[in-house]
Every structure is written in C-alpha cells, then in structure tokens.
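Survey of secondary and tertiary structure
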Amino acid sequence: MKVLILGAQARLGPHVIRALEPAHELRLTDIQPIETPHETLQTDVSVLADVLRATDGVDAIVNCSVLRPDRQLAFDVNTRGCYNIMQSAVKNGIQRVINTGPHFAVAGSTYEKFDYEMNPDMPPHPGTNLYALTKGIGQEICKIFTRNHDIYVLCMLFYNFREHDNLEGSRDHPFAVSWRDAAEAIRLGVEVDLGTLPSRCEIFNIFTDLPHQQFRNDKAKRLLGFSPRDRLERIWHK
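This section reports on the structure supplied with the text. Keep in mind the model is a prediction, meaning the values are calculated, not measured.

1. Remarks on the sheet that holds strand β6 (residues 152-158)
Across a sheet, paired strands are connected by hydrogen bonds in the backbone, their directions being either parallel or antiparallel. Taken together, seven strands build an open sheet; the order of strands is β3-β2-β1-β4-β5-β6-β9 and the sheet is parallel. Looking at strand neighbours, the two that pair on one side only are β3 (39-42) and β9 (201-205), the edges of this open sheet. In this sheet, neighbouring strand axes are inclined to one another by 20° on average, regardless of whether the strands run parallel or antiparallel. Here four bridges tie strand β2 (residues 25-30) to β3, and the two strands are oriented parallel to one another.

Structure representation (structure tokens):
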C-alpha cells in the first residue's frame, strides 16, 4: 500500500514512519523539507492545491499535521487542513484516511474534570480551548464527508506521549501512551479491513492500560486489535 503521511516531521510523524516503512511505500510531506530515503513533498495542508498534489496516486492518508497556539494558523492547519484532505481524498479516489487529534476534541474540560468511563463515541464537547476546538471541527468535517462519500476515516485521539524506555520525571496521566504504541495504533488503522468497521467514521481513544478508569480504550482493542505493549506501570507505582 502507498501511504501518504502529512506532517511527517511533527512529533508523532517519525514514529509512524518507523511503524509503516517495513510493509508500505511511503510519501512523506511537511511544510519544511525532509531528509529521508522515502519520497517527499513540501506541502502546506492549508493549501488545497498542495494537498491535491500530495494525495495523487496514494492508497491511504495519515494526517499527523498540527498547529496549536496561533488562532489563524491553528484554524488553517487543524480545520481547513481536514477539509482539504477530505476534498482531495474524494477527487483522487482515496478510501482510507487516518486523522489524529487530542482526546479533548471529544472530552473537553467539562467532561474530563467530572466524568469516568469516557468513550470516544459520546457527544463531543471540546470546550473553549483553541487546539481542541480547531481539531474538533476538523473531526466533524471528516465525519460529514464520510456521510456523503465512500470514504472511511479513523480518528485516533491521543494526549500524553511517553518514551517507553525513559520515564524519568514523568507524572501520571490517564491518557498516556508510548510513542511506539501510538504509532502501532496508526499502523493497525492503515491495515484494518474497512468492511469490519461499524461505520465509515470511527473515533478511537488511544492510550495504554492504566488503573484510573477515567477513559475507555476497549473500542480500539475490539475493532483494531490494539494491544499496548508499554503499560507504563512505573508512572503509577512509585
């Protein structure tokens, strides 16, 4: 399978490359030039023409692009970028899109401060955080496209990433996952049989097995076969 990775130099991007490159042909893009043996393109996800060019001839799209602090740029990358990706997928006949975002695109502070057993299919309530809002709107754009076109979007929600072999200074967080487990979840999304999914837009909480019971990751296990290898127990048992 030929897989496009948008935002290949974002924090998650290099880990996704390592997870996918043994079995897939990769096209890597970022707004800055990339040094890699794989095919590359310099791409701005906020520019439709760039995304159309990047998606031409690929079988799947993995969107790791992200911009957090600036209001205009966050909207351009996190929201407009999703529209451009979906529009390009339609025009280039791409059926599989993996979109990434923070857990609070669904479970903003109004949920996170009070609730438990939070699952990715509850009504989204991102709150007023700029990053959460722009990613949450982008996620809704993806969902609307899947209702009108034969495209599948798997939205992977992350929050707190850890180095599996170096937890010094790390504090507990109920949405923690190692970089390599996060990348493995994306690999599973790239390779899952789309016909086994309940709908054309599915959202997944991606974190390791921790004892808090605040969030649920059973859907990722059930539909994708996600099985985190790094449980990060040392964070919780100090």
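2. Description of the packing of aromatic side chains
Counted by the stated rule, this structure contains eight aromatic pairs. When the centroid spacing of 5.8 Å and the interplanar angle of 80° are considered together, the rings of Phe-104 and Tyr-131 count as edge-to-face. Pair noted here: Phe-104 is in the loop between β5 (96-102) and α4 (109-112) and Tyr-131 is in helix α5 (residues 130-148), with a separation of 27 residues, a long-range link. Look at Phe-104 and you get buried, because its relative accessible area is 13%. Pairing Phe-175 with Phe-215 gives two aromatic rings, centres 4.8 Å apart and planes at 90°, and the pair type is edge-to-face. Here Phe-175, found in the loop between β7 (160-162) and β8 (176-178), pairs with Phe-215, found in the loop between β9 and α7 (218-224); they are 40 residues apart in sequence, far enough to count as distant. Grouping residues by exposure puts Phe-175 and Phe-215 together as buried. Of the aromatic side chains, those joined through ring pairs into one cluster are Phe-104, Tyr-131 and Tyr-159. Taking NZ or CZ as reference, Lys-219 lies 5.2 Å from the ring centre of Phe-204, over its face.

3. Considerations on the packing of helix α3 (residues 71-92) against α5
Closest axis-to-axis distance for the α3/α5 pair is 9 Å, and the angle between their directions is 15°. Taken together, the axes of α3 and α5 lie roughly parallel to each other. Crossing geometry of α3 relative to α5 is assigned as right-handed. Along its contact with α3, which presents Arg-71, Ala-74, Phe-75, Asn-78, Thr-79, Cys-82, Tyr-83, Met-86, Gln-87 and Val-90, the element α5 presents Leu-130, Tyr-131, Thr-134, Lys-135, Ile-137, Gly-138, Ile-141, Cys-142 and Phe-145.

The rules behind each value
- Residues numbered from 1 in each chain as written.
- Predicted model: local features only at pLDDT ≥ 70, side-chain atom pairs only at ≥ 80, totals over all residues.
- Heavy atoms only, no water.
- Pairing = 2+ DSSP bridges.
- Helix = DSSP H or I, 4+ residues; strand = E, 2+ residues; numbered from the N terminus.
- Axes fitted to C-alpha atoms, helices over the stretch in contact; angles between N-to-C directions.
- Phe/Tyr/Trp six-rings, centres within 6.5 Å; stacked < 30°, edge-to-face > 60°.
- Buried < 20%, exposed > 50% of the residue type's maximum accessible area, 1.4 Å probe, protein only.
- Lys NZ or Arg CZ within 6 Å of the ring centre and 35° of its normal.
- Parallel < 35°, antiparallel > 145°, perpendicular 65-115°, else oblique.
- Left-handed = near helix turned anticlockwise from the far one by under 90°.
- Contact = heavy atoms within 4.5 Å.

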